[in-house]
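Commentary on secondary and tertiary structure
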Amino acid sequence: RDVYDARTIVVSDVTPPVFLDPKPPPTTWLISTTQTLSIIAQDDVSGLDVTSARYRISANGGVTWTAWLTANVDGAMGSLQPQTVFATIPFGADSADWRAQFRIADAHGFTATSGLFALMIDSTPPTATIASALLTTTNLISVTWSGGDALSGLAAFFDAQVRDGASGAWTDWLTKTAASGALYAGETGHAYAFRVRARDNAGNLSAYSAESAGATTLVRWRTFVPMALR
């Protein structure tokens, strides 16, 4: 007669889950104050408790934090497979100092906390201004402009447009120029206006500025008197 030795094997879970892909800080600025963050977690003994997933955020580099808020998990309760923990987070304001963090527990109650996500958010467009539009001694108009951005900084690219006459259409003059000024060749008897827009390092594009001061720069007819008659 066969004799069977029935034994019970008890597997103890004495370690918390692990996060498999800690995220480094982003290398570029983000332009939306709402971001979806995710990270992979796993517990290969008792499995993850998907109801325990949480996230929190800090607006000052991790000095102070919000309460832990509910996050989502894409897998089943108690699964031993890697699962994605994620949350769509409304950060609400521009800052270079946002931090985010996840935590999750396994079915035995052990909790793991992820590394920090570092986020730089700039959703505000820069400013751009026509500084001057002055007629030189010929038919050339010297146009200068400037811009500014309070957070990610101004990118070295401007778009400039020109309008011929008060009712003329705005047309592109210079696009993605790194210059802060240029000469425009006007026609005698025409009045021109100029406007400019700027980009910041996050990729935000400003609206076009107000047109050049005084509205228009007029290229006037000139009367030349021969030297012998002067």
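Relevant structure appears above.
Computed from a predicted structure; not experimentally measured.

1. Brief notes about the nonpolar core
Counting 22 residues, the largest nonpolar core has Leu37, Val85, Phe91, Phe102 and Ile104 as its most contacted members. Non-local contacts of Val85, meaning those with residues more than four positions away in its chain, are made with Leu37, Ser38, Ile39, Ala41, Ala53, Ala71, Asn72, Val73, Phe102 and Ile104. Listed in part, the 15 residues of the second largest apolar core include Ile141, Phe158, Trp173 and Phe194.

2. Focus on the sheet that holds strand β10 (residues 127-135)
Whenever strands of a sheet pair, they do so through backbone hydrogen bonds, lying parallel or antiparallel. Taken in spatial order, the three strands make up an open sheet running β10-β11-β14, and their pairing is antiparallel. The strands lining the two open edges of the sheet, one partner per strand, are β10 and β14 (181-185). If you compare each strand with its neighbour and ignore which way they point, the axes differ by 25° on average.

3. Quick word on the sheet that holds strand β5 (residues 72-73)
As summarised here, the arrangement of the four strands in space is β1-β2-β6-β5, forming an open sheet in which the pairing is antiparallel. At either end of the open sheet lies a strand with only one pairing partner, and these are β1 (18-19) and β5.

4. Section: the pattern of salt bridges
Applying the stated criterion to the full structure yields three salt bridges. A salt bridge links Arg199 to Asp159, with the nearest nitrogen and oxygen atoms 3.0 Å apart. Here Arg199 is found in strand β15 (residues 191-200), whereas its partner Asp159 is found in strand β12 (residues 154-164), with 40 residues between them in sequence. Each member of the pair, Arg199 together with Asp159, is buried. Between Glu211 and Arg163 there is a salt bridge, with the nearest N and O atoms lying 3.0 Å from each other. Placement of the pair is Glu211 in the loop between β15 and β16 (217-218) and Arg163 in strand β12, with a sequence separation of 48 residues. Judged by its relative accessible area of 29%, Glu211 is partly exposed.

5. Some points on the packing of aromatic side chains
Summed over all chains, the structure comprises seven aromatic pairs. Consider the rings of Tyr184 and Tyr192, whose centres lie 5.3 Å apart with planes at 65°: the pair is edge-to-face. By the burial criterion, Tyr184 is buried, and Tyr192 matches it. Relative to Phe194, the ring of Tyr184 has its centre 5.4 Å away and its plane inclined at 75°; by these criteria the two rings are edge-to-face. Placement of Tyr184 in strand β14 and of Phe194 in strand β15 is noted, with a sequence separation of 10 residues between them. Take Tyr184 and Phe194: they sit in the same class, and that class is buried. Site record: aromatic cluster; members linked through ring pairs are Trp145, Trp173, Tyr184, Tyr192 and Phe194.

6. Comments concerning the side chain of Asp49
Locating Asp49 in the fold gives a position in strand β3 (residues 48-58). Comment: no salt bridge for buried Asp49; closest opposite-charge side chain is Arg54, at 8.0 Å. Those residues within four positions of Asp49 in sequence are excluded, and the remaining contacts are Met77, Ile104, Ala105, Asp106 and Ala107.

7. Looking at the side chain of Asp200
Structurally, the position occupied by Asp200 is in strand β15. Buried within the structure, Asp200 lacks any salt-bridge partner; its nearest side chain of opposite charge belongs to Arg199, at an N-O separation of 8.8 Å. Side-chain polar atoms of Asp200 contact the backbone nitrogen of Asn204, separated by 2.9 Å. In this structure, Asp200 is in contact with Asp122, Thr124, Pro125, Pro126, Asp149, Ser152, Gly153, Leu154 and Ala155, ignoring residues within four places of it in sequence.

8. Remarks on the environment of Thr27
Along the chain, Thr27 turns up in the loop between β1 and β2 (34-42). For Thr27, a relative accessible area of 77% gives the class exposed. Taking the C-alpha atoms as reference, Thr27 lies 9.8 Å from Ala118; in sequence the two are 91 residues apart.

Here is what the cut-offs are and how they apply
Residues numbered from 1 in each chain as written. Predicted model: local features only at pLDDT ≥ 70, side-chain atom pairs only at ≥ 80, totals over all residues. Heavy atoms only, no water. Core = buried A, V, L, I, M, F, W, Y, C linked by side-chain atoms within 4.5 Å. Buried < 20%, exposed > 50% of the residue type's maximum accessible area, 1.4 Å probe, protein only. Contact = heavy atoms within 4.5 Å. Pairing = 2+ DSSP bridges. Helix = DSSP H or I, 4+ residues; strand = E, 2+ residues; numbered from the N terminus. Axes fitted to C-alpha atoms, helices over the stretch in contact; angles between N-to-C directions. Salt bridge = Lys/Arg side-chain N within 4 Å of Asp/Glu carboxyl O. Phe/Tyr/Trp six-rings, centres within 6.5 Å; stacked < 30°, edge-to-face > 60°. Lys, Arg positive; Asp, Glu negative; His and termini not counted. Polar contact = N/O pair within 3.5 Å; in protein donor to acceptor, adjacent residues only side chain to side chain.

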